[in-house]
Amino acid sequence: MGKLSALLFGLLLWSLQLVSSAHPKTKCEQERDRAMGEHLIAVFIPQCDVDGNYKPLQCSGVTGHCWCVNSRGQEIQDTNTPPGHRPPNCDPRDPPAHPMTKCEQERENALGEHLKGVFIPQCDADGNYKPRQCSSSTGHCWCVNSRGQRIPGTDTPPGQRPTNCQSRDPSAHPKTKCEQERDRAMGEHLIGVFIPQCDVDGNYKPLQCSGVTGHCWCVNSRGQEIPGTNTPPGHQPPNCESRDPPAHPKTKCELEREKVLAEHLIGAVIPQCDAKGNFKPLQCSSSTGHCWCVNSMGERIPGTNTPLGRPPPNCDPRDPPAHPKTKCEQERDSAMGQHLFAVFIPQCDVAGNYKPQQCSGVTGHCWCVNSRGQRIPGTNTPPGHHPPNCGSGDPPAHPKTKCEQERDSAMGEHLIAVFIPQCDADGNYKPLQCSGVTRHCWCVNSRGQEIPGTNTPPGHHPPNCQSRDPPAHPKTKCELEREKVLAEHSIEAVIPQCDANGNYKPLQCNGFTGHCWCVNSRGERIPGTNTLPDHPPPNCDPRDPPVHHKTKCQQERDSAMGQHLIAVFIPQCDADGNYKPLQCSGATGHCWCVNSRGQEIPGTNTPPGHHPPNCDPRDPPVHHKTKCQQERDSAMGQHLIAVFIPQCDADGNYKPLQCSGATGHCWCVNSRGQEIPGTNTPPGHHPPNCDPRDPPVHHKTKCQQERDSAMGQHLIAVFIPQCDADGNYKPLQCSGATGHCWCVNSRGQEIPGTNTPPGHHPPNCDPRDPPVHHKTKCQQERDSAMGQHLIAVFIPQCDADGNYKPLQCSGATGHCWCVNSRGQEIPGTNTPPGHHPPNCDPRAHHKTKCEQERDSAMGEHLIAVFIPQCDADGNYKPLQCSGVTGHCWCVDNRGQEIPGTNTPPGHRPPNCDPHGRPKTKCEQERDNAMAEQRKGVFIPQCDVQGHYMPRQCSGVTGHCWCVNIMGQQIAGTNTPPGFPRANCRAPARPKTKCELERDSTRAKRRRGAFIPQCDADGNYKPLQCRGSTGYCWCVDSRGQQIAGTNSHPGHPHANCGAPVRPKTKCEQERDNAMAKHMRGVFIPQCDVEGNYTPQQCSATTGHCWCVNSMGQEIAGTNSPPGHPPAHCGVPARPKTKCEQERHRAMVKHLTGIFIPQCDVDGNYRSLQCSIYTGHCWCVNSMGQEIPGTNTPPGHPPPNCRARPRTRCELERDSAMAKHLIGIFIPQCDVNGHYKPLQCWGSTGYCWCVNSRGQQIAGSNTPPGHPPPHC
């Protein structure tokens, strides 16, 4: 039957090709070919008669619906019949045309989408909505009012008598819970969503049914399912009489069922419970058709599973004797718990042992296993063969052979496209190997290596593999290439075919594309021998043809074929390497003639379905390309479907009739290729009758220029003006993108008050010009907004005189508000959608600067743009506030901010004086900083007189400080965020040396630079620390480092009150180097006594070396970065992980980078803190954060007590260090012991473990079940 269907389909295609080659394609044939070319199952394919006209009766093979169409292929209303009904009796005559109503428009739009499941409104003979509407995809019916809006409480599910619908609107009432859930579900327009059924009062109907799964059940008055009433499809629905039965605690079955139902997953197994809430003994999956028995706990009874098509098992509700799960049962339950189609599920007998014969329902393979479930070698049979005869006894164990190891490894991957070696009963490679994916077969030697020349493609007899291990010989070029390609495992790759001696076979074929060609002894393709699929392969002579250099045609052909792309054009060359006179594209179906240089001969290009041109290989007279040919070749070179390609005649001139294959429009052009106004016809209409003679030359009118510019953009949403035959604007203009229509004057300007939305009758336009007037502000804004052709842009509404209508509404958001005569929103009048619009009073005047800036900002429709506020006269309001940042400030009459008036959010706005004056230094700096509009720039704050405010704060860093009248920072007043601010009203004092150094360093803004710390009096603090490195030291009153007080990060700080001793030579050199504050300067390292440390290292170069007591380098001890440093007289040890991370972080010199703290032995300190964020946390010995110990700044740090890590912590930390999604991470208690209950978050399984973390048998619970009590 399948072969007969294929033959009939082939004859149908052949007949269609004969018909298409006989005449130009009609609209029906074009739509049919386009739909068939998409190769989609759900696409509707029109049916055409022998003349190419639409058949009066059209049917969808996807949905089963049938309907009548007119001669244009448009559906005739009221003729659509659902599947299972007699198709309508179609009259091919067109019904009388009439303007489409709203119902007809919605129906046409839905039908035009050709999508399965889309609701199609039903209209009566007058185009009105039928009172009753039904969905053919869900089977639901409901009543609608005259506007097509659904009447609440009238929805009935499939199988029930539909409601008696009245044409008048019912009285509105607040929606009930049932109606809300129903409307929300219907608003999602999803096929698998359950839609509750409500009665006429909006209550839940006692009986609820799912149109997707076919299940029915009873519900109480709250819509909750009554346990035990759920019936599967094909069974009598329950009798739902009593509502709200007495409540009882939910059973395990009911809980699991509710959980699965709440997930709304198609294919999920829904437990079936009896009237008492217990598991029914027989459980079935509606998605797979499998049935099985369960005990009272809902656990599957082994050996009772029956597949689809077999009688369900006879289930005894009494529990079988409980026993611990066997290995087979555990693997089976684990696999079934994954609910995956391609997972192999072991088969166990009633005792829980592996059945001797195992079969995969996915691949169809069967094999024998021993008592441990291990596959017995040589017993695997492919689908279609008799399964092996398996004994229950274990065969003698033997080590796995190489073949068995490769086979088991490949099968363990569970991938369809992986090659699985075939082994014999002894575990050796079978001489003949075949791939179930590519269908190739070949011989192998005893090591499993392919024997050259034995590979046969699908459809050929497999080779006779007798001799194993032929004499070894060096691999030839063909064998090497073949092995390389086979190792890549690419389906599309061309695999060279080699003969028994390893030479290239003269005939080579691509099994993926079906092309065949001849090659010489070096495997190089012989030009002119390539044959297309379904053509006889060439007759190849293995003898080498004379060597010659590749021609231009061969070079282009080989380059195109090397790309391995379906849509690339591949030139066809003859046996001598010349271009064949006739060239055809296998991707587009076009054919054309070329000259000896491969250039297309104008006028010879034929589209698919037409006879290819008769090409003369002789070169036509050489001539320069015409303008038409240049444009055509440029367009064709882009290889884009939607690009318009001009059509040129044999002389290279524009053909009088031009058509776009992308849009279906046709039009006439003059000899310069310019469109002749008034000749453009849309798709489905007869193309215009074009006279190739040029019409009188005239300059393009404004309408023609705008139209041609818009059409040149080739964008769907661009508005294209309509011009009459003289190039004037047609009085009526309509946008095909939005559906709006309006009248225009002779200049193409919209006449106010004539714009009608889609679905309304277009206005009656008088082509005579209304009195000329300049566009008003409202008209300008409206025309600008409409010119953008964007759905979300607000379009102002203007009255007949061009003034703003007092009431403005946004079609995108539904909000309405009142405006004054300048179009400014009147505060307090904005109403959200669904509320009555406000009662508005209009007034008018001209645009001021403030209004212009405000309207410009509002026109950008950006959230972060500041919008100036103007008063009723259009002047700047003295007080301006930003809705984005919350800041408020005063402005002068030019809208410029008055210095010192800016207040941050949360503060009282300033009392504003609108007068202006010259800018002060503070105002100039502030305005310059604001003009830069760069993130992070400090903006000075000025008072109302333009002076610097005593306290300045940075909105970026949160620091605050005091400044003098020049705006210079007063030393000692800088406070970080979160600290009390300095009192900036106190009299200023001269800066100290510490404050000068601190302020100078801050002003340089060098990353990582040391900033001295000064106390409240401006003196150096005794203890100084460098935040970028973590080093701390003591200083004297002059800020000079006290020798021997330097402490490493993580070490205790020195006591800076101890007696001072003289500096040593090392300390002097170190302090001098540090005082330079230059990156790259070497800083000697001194010990606590001020002596040179034996080993010195440069943080800049990474070199390390040994020094003597005078700090002089010891020859031969210098080691470059990355090498172990020399042993410098102190016990050396390699850097620990903590020290390595700390060193890497410190040498980066980046502000904000976290630097680990290590103890004296190089281990991670148990408490780690970030000096930049203020967070502290505990870490384990590997430096990994211990969960739950992180404390934010301002809180006491956690109490981290170190102890040896337990086995649980070691396993947990090791798993977390891998950073793998889905990996199991053991759960440990606060003492590091295994928690008794362990759960795998990625699978949902839970189980109990003993103190060693080992799983306790029988405690494993799958996802969706209560975890065990451990």
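Residues numbered from 1 in each chain as written. Predicted model: local features only at pLDDT ≥ 70, side-chain atom pairs only at ≥ 80, totals over all residues. Heavy atoms only, no water.

(A) Structural view of the overall build of the protein chain. When helices and strands are tallied, the protein chain shows 18 helices and 34 strands. A total of 1270 residues make up the protein chain; the buried ones form 32% of that total. In the protein chain, 25% of the contacts between residues at least 6 apart in sequence involve partners at least 24 apart. Accessible surface computed for the protein chain: about 77,000 Å², of which carbon and sulfur atoms make up 57%. (Helix = DSSP H or I, 4+ residues; strand = E, 2+ residues; numbered from the N terminus. Buried < 20%, exposed > 50% of the residue type's maximum accessible area, 1.4 Å probe, protein only. Contact = heavy atoms within 4.5 Å. Areas by Shrake-Rupley, 256 points an atom, 1.4 Å probe, with all protein chains shown as cover.)

(B) Region of interest: the packing of aromatic side chains. What the rule picks out here adds up to nine aromatic pairs. Measuring from centroid to centroid gives 5.3 Å for F938 and W961, while their planes differ by 50 degrees, and the two rings are tilted. Remark: W961 occurs in strand 26 (residues 960-962) and F938 occurs in the loop between helix 14 (921-932) and strand 25 (951-953); sequence separation between them is 23 residues. Seen from their ring centres, F1154 and W1177 are 5.2 Å apart, and the 50 degrees between their planes marks the pair as tilted. In this pair, F1154 is assigned in the loop between helix 17 (1137-1147) and strand 31 (1167-1169) and W1177 in strand 32 (residues 1176-1178), connecting sequence segments 23 residues apart. The positively charged end of R300 is found above the aromatic ring belonging to W292, 3.8 Å away from the centroid. Between the NZ or CZ atom of R525 and the centre of the ring of W517, over which it lies, the distance is 3.8 Å. (Phe/Tyr/Trp six-rings, centres within 6.5 Å; stacked < 30°, edge-to-face > 60°. Lys NZ or Arg CZ within 6 Å of the ring centre and 35° of its normal.)

(C) View of the side chain of Q733. Inspection of the secondary structure assignment puts Q733 in strand 19 (residues 732-734). A polar side-chain atom of Q733 sits 2.8 Å from the main-chain carbonyl oxygen of Q722. Within the structure, Q733 has its side chain in polar contact with the backbone oxygen of K730 (distance 3.0 Å). Those residues in contact with Q733 that lie beyond four places of it in its chain are F719, P721, Q722, H740, C741, W742 and V744. (Polar contact = N/O pair within 3.5 Å; in protein donor to acceptor, adjacent residues only side chain to side chain.)

(D) Here's a closer look at the state of the cysteines. With the rule as written, the count across this model stands at 50 disulfides. The partner cysteine of C143 in its disulfide is C165, sulfur to sulfur 1.9 Å. Measuring handedness by torsion sign, the sulfur bridge of C143 and C165 sits at about -80 degrees and is left-handed. Taken as a pair, C143 in strand 4 (residues 141-143) and C165 in the loop between strand 4 and helix 4 (177-187) lie far apart in primary sequence, 22 residues in all. In this structure, C143 and C165 share a single accessibility class: buried. Between the sulfur atoms of C434 and its disulfide mate C441 the distance is 2.0 Å. Across the S-S bond linking C434 and C441, the dihedral sits near 115 degrees, which makes this disulfide right-handed. Take C434: its relative accessible area is 25%, and that puts it in the partly exposed class. Given the relative accessible area of 11%, C441 is considered buried. (Disulfide = S-S within 2.5 Å.)

(E) Quick look at helix 15 (residues 993-1004). Here helix 15 contains twelve residues, and its C-alpha end-to-end distance of 17 Å stays within 8% of the 16 Å for a straight helix at 1.5 Å per residue. Positioned one or two residues after helix 15, R1005 has a phi angle of 55 degrees, which is positive. (Expected span 1.5 Å × (residues − 1).)

(F) Up close: the pattern of salt bridges. For the structure on display, the rule yields 35 salt bridges. With a shortest N-O distance of 2.3 Å, E258 and K250 are connected by a salt bridge. By relative accessible area, which is 34% here, E258 ends up partly exposed. Here K250 falls in the partly exposed class, since its relative accessible area comes to 43%. Among the salt bridges present, the one from D333 reaches K325, with a minimum N-O distance of 2.7 Å. Here the salt bridges do not stand alone but share partners, grouping K25, R32 and D33 into one network. (Salt bridge = Lys/Arg side-chain N within 4 Å of Asp/Glu carboxyl O.)

(G) How the structure looks around the environment of A1217. With respect to the secondary-structure elements, A1217 resides in helix 18 (residues 1207-1218). A C-alpha to C-alpha distance of 8.4 Å links A1217 and Q1184, two positions 33 residues apart in sequence.

(H) Molecular detail of the confidence of the model for the protein chain. Averaged over every residue, the pLDDT of the protein chain is 78; the share at 70 or more is 83%. Note on residues 167-172: pLDDT is under 50 here. Beyond four places in sequence and across chains, it has seven contacts. Here residues 617-622 is modelled with pLDDT under 50, and outside its nearest four sequence neighbours on either side it reaches seven contacts, counting other chains as well. (pLDDT = per-residue confidence, 0-100.)

(I) Here's a closer look at the side chain of T829. Relative to the helices and strands, T829 is located in the loop between strand 22 (816-818) and helix 13 (849-860). Given a relative accessible area of 13%, T829 falls into the buried group. Polar contacts involving the side chain of T829 include one to the main-chain amide nitrogen of C818, which spans 3.0 Å. Of note is the side chain of T829, whose polar atom sits 2.6 Å from the backbone oxygen of I826. Every residue in contact with T829, bar those within four places of it in the chain, is listed here: C816, W817, C818 and P838.

(J) Representation of the environment of S954 in the model. Its place among the elements puts S954 in the loop between strand 25 and strand 26. Ignoring anything within four residues of it in the chain, the contact list for S954 reads F938, H959 and W961.

(K) Geometry of the environment of G453. Its place among the elements puts G453 in the loop between strand 12 (441-443) and helix 8 (477-488). The class for G453 is partly exposed, based on a relative accessible area of 27%. The sequence separation of G453 and G502 amounts to 49 residues, and the corresponding C-alpha distance is 6.7 Å.

(L) Here's a closer look at helix 11 (residues 702-712). By the burial criterion, the buried members of helix 11 are C703, Q704, R707, D708 and A710. Down the axis of helix 11, the smallest arc covering the buried residues is 165 degrees, so these residues share one side. (Arc of directions from axis to C-beta.)

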